[in-house]
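# Remarks on the overall topology
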Amino acid sequence: MLFNSDAYLIFLPTVVVLTWALPARFRPLFLLVASYFFYAYWNASFLLLIIGLTAVNYVIGLLQGASLPRRRSWLLLALAADLGALAIFKYLGLMEQSAVRLASILGLPADLPALRLVLPLGLSFFTFEFIHYQVDLYRGDKPVRDPVRFALFPAFFPTQIAGPIKRYQDFDRQVASPPRFSAVLAVDGLQLIGRGLFKKAIADTLAPTVAVVFAAPAGAHLIDAWVALIAFGLQIYLDFSGYTDIGRGSAQLLGYTVPENFRSPYLATSARDFWRRWHMSLSSWLRDYLYIPLGGSRHGATRTQLNLMVTMALGGLWHGAAWHFVVWGAGHGVALAVNREWQERATRGLGRIAIPALAAWAAIQLTVLLLWSLFRVASLEQGLTLWTRLIAGGPGNAFVHRADLAWVGLVLVGLFGAQLLLPRLRWNIGRAEHVLRPAYITALVLAAVYLATNATQRFIYFQF
Amino acid sequence: MERTDSQRRAAATLAVLVVIAVLAQPLSVVARERLLPKSGAGLADYLWRDYAAAPRDVVFVGDSRVLIGTDSAAVEAALRMRGLSDTVTRLAVPGADVTIQQAIVYRVMHLSKKPRLVVLSFSEYMYTRPTAPDPTGYLWQLTEPYDLGYMRLAYDLDPNRGRLLRGWIAPIVANAPVLARAGREQASSLPPVRWILGDSSAPSAGPAELQFAVTDAPMSPEKEVAVLESYRQDFGLGSFRFAAQRLEWARAAVHMAREAGVDVRFVIYPVYGIDRINPTGYADYLDRVTALARELQVPLADLHAVDQNRDHYFDPSHLNREGVLALAPRLAEVAAS
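Just so it is clear, the structure is predicted and the values come from calculations on it, not from any experiment. (Residues numbered from 1 in each chain as written. Chains lettered and ligands numbered in written order. Predicted model: local features only at pLDDT ≥ 70, side-chain atom pairs only at ≥ 80, totals over all residues. Heavy atoms only, no water.)

This brings us to the environment of His132(A). Residue and element names in this part refer to chain A. Turning to its location among the elements, His132 is positioned in helix 5 (residues 123–138). Assessed through its relative accessible area of 0%, His132 is described here as buried. Considered as a pair, His132 and Tyr39 are 93 residues apart in the sequence and their alpha carbons are 22 Å apart. Excluding anything up to four places from it in sequence, His132 contacts Phe153, Lys166, Arg167, Tyr168, Gln169, Trp285 and Tyr289. (Helix = DSSP H or I, 4+ residues; strand = E, 2+ residues; numbered from the N terminus. Buried < 20%, exposed > 50% of the residue type's maximum accessible area, 1.4 Å probe, protein only. Contact = heavy atoms within 4.5 Å.)

Before going further, it helps to examine the side chain of Gln160(A). All names here are of chain A. With respect to the helices and strands, the residue Gln160 is situated in the loop between helix 6 (147–155) and helix 7 (168–176). There is a polar contact of 2.8 Å between the side chain of Gln160 and the backbone oxygen of Ala155. Not counting residues within four places of it along the chain, the set of residues in contact with Gln160 comprises Ser35, Phe38, Tyr39, Gly122, Phe125, Phe126, Pro154 and Ala155. (Polar contact = N/O pair within 3.5 Å; in protein donor to acceptor, adjacent residues only side chain to side chain.)

Within the largest apolar cluster, 118 residues are counted, with the highest numbers of intra-cluster contacts made by Tyr8(A), Phe156(A), Phe157(A), Tyr266(A), Trp278(A) and Trp372(A). Here this core gets 15 residues from one element, more than from any other, and that element is helix 9 (residues 222–253) of chain A. Ignoring anything within four residues of it in the chain, the contact list for Tyr8(A) reads Met1(A), Leu2(A), Phe3(A), Pro13(A), Phe38(A), Phe157(A), Ile246(A) and Ser250(A). Core analysis: the second largest hydrophobic core is formed by 93 residues, Leu43(B), Leu67(B), Val88(B) and Val214(B) among them. (Core = buried A, V, L, I, M, F, W, Y, C linked by side-chain atoms within 4.5 Å.)

Turning next to the packing of aromatic side chains. Inspection of the entire model under this criterion finds 58 aromatic pairs over all chains. Measuring from ring centre to ring centre gives 4.7 Å for Phe3(A) and Tyr8(A), while their planes differ by 40°; the resulting arrangement is tilted. Here Phe3(A) falls in the buried class, since its relative accessible area comes to 4%. Seen in terms of ring centroids, Phe11(A) and Phe38(A) are 5.7 Å apart; in terms of plane orientation they differ by 40°. Their pairing is tilted. With Phe11(A) in helix 1 (residues 6–21) and Phe38(A) in helix 2 (residues 27–40), this pair connects stretches of sequence that are 27 residues apart. On the basis of relative accessibility, which here comes to 9%, the residue Phe11(A) falls in the buried class. Positioned above the aromatic ring of Tyr150(B), the side-chain terminus of Arg107(B) is 4.8 Å from the ring centre. Between Arg161(B) and the ring centre of Tyr155(B), over which it is positioned, the NZ or CZ distance is 4.8 Å. (Phe/Tyr/Trp six-rings, centres within 6.5 Å; stacked < 30°, edge-to-face > 60°. Lys NZ or Arg CZ within 6 Å of the ring centre and 35° of its normal.)

Function cannot be inferred from these measures alone, as they are strictly geometric.
See the structure below:
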């Protein structure tokens, strides 16, 4: 079920009303049933997968808690189950394609049956939540004994399909002591939903400009390529942060808070700063469950930089089973390594060069933008073609019309204007809140409806 | 526990938002009704309201071929030449399938003033198995005034029942895109017909509100190729397999009209080349429809090949103004029979 669909518009209020109407002790079970319905609305058969993985992780979690000496074995078993499911549904196709390609390079016969598995929605997200759960149990945390409470952790519909990636300690604490209805939280939630719908509608208006160039980058000229790339940078931010806003807002209507995922990432002035603002729940997961276990910064500068690159390359692979995602992630790894080296030198007083904040901002944002091209393309070859167009231009078909160019410019200015100015404005609406906030939320929703295109796009992060 | 000032303000804000959400439902209906005459959005709704306000004697029920190909004024004039003073209209929407026809017939038969004759039109794509009916939008638009019998019928007919129910439970769900489209059309000064055929600012016969899609433009070779290809691929005529179970809906529509004491005719509107995409499939379709007409004892006027003048078509599926005017006496003949 899409957050911006008419089905969700009925589903959410129904679930919210019934949740608060029920006695507190029944709410987790009701939310679990509602969350499974939400999932089954897309594909009921894959519900078995989420239930199966939940059962496996629940049982192994209990075993980890009960058997200290065998804890490591249980952890490995859980990781094998979780990563195995991810590997089968997400990466088998890539492995097969890579094997065939390698065989053809080596001149070996390769006649493998083509694999076309559908990726269950949200698998990447709830797999990461399970891994975090098992690793934290291994590190000494207590397992969740109540099966309903445990099952609700990955299934919770506001975060089920595309995060934010939750931490079970925070979430289970809220489920264990059922929240009381809070009008403050609910109004904030509605505002988040309105904002998310508005962002999503704008993202969808940018989709055709992006698609027309990325479908055939060889035919793009210089301006086409840059406009499409900037449009994609805006689209993916508005799409994903819009999704997260709706998810967080929905959770707040049910009395739950889930982690923030974005904090104006395009205002970042370094690679590190960017990843503290972009998909924050993923970057903190990668730090805690990949970078630190790999050794983090504990084994010297070279190893630290290698760890950064490996972590980010795997982070790229998590986004999609294709080499261009790996290169995208590795590119960010290199940016983080350079960033770290720069900071180290500054700390040690070695050759520090002062960079104006504006230049630092421009450098990292240009890097992020160029790497986005590798995220959006269908293959590395297509990415290289686009890069040549970005640098040297091309014959040019002028895919992008002047009106599209103006719209991309307007969205760009609007986004930066909103992110730079809004936090500086001191909202002091006091007694007028009950008039101004509903007006603001209603205006956001009306604008979203007005902008909504006929071909509403799926959220980009659904594919991961 | 004492409520803080911020909680009280939030509660008031929430109450206002709930009131807005509730009021938005009827307000969206009112807004849609006001905007309909100025917009192509909500076509079925508009035509149905127009008809319900002033029921006619002869109603042509069908798809865009009927919508565009039936010039009510010209047919009425041709009937007058035959000494008949019947009023004529069409209740037709682009892409209509047989379920929509049944729904329209139900609504027409449940008005206090019944027509003298209902003419049901057949189009080959309505019976092509690879294409599945998607009637929710039109079924929903025909809902008002509320009629439990109609709602039950629509619910039975619609393969997307959940969507239809959502439109009924929260009208803003269905009204919002219609209103947004109407707003965009007005903002960009698009003529309301734009979304039906892509281009037409030419004047047409009939009341201004019903000038939907008749155009003077002749058929361009590119349009001919593109539309025929679309019928071959999108409508599945290339791999035509007759969906016999859909005849049940046509049977039901005929029975419904007869039970109300209204006479029925079948008609097939002219096409240019569509019948040659898959001649075997098209012949099968004609045989089946002819058999149905014989079974129900409903006269069938097969006009699909009656006009093969290329200059009378806007595209292979739709007549232009010249073609529409040329067809009017034939339709009058059907209405008078």
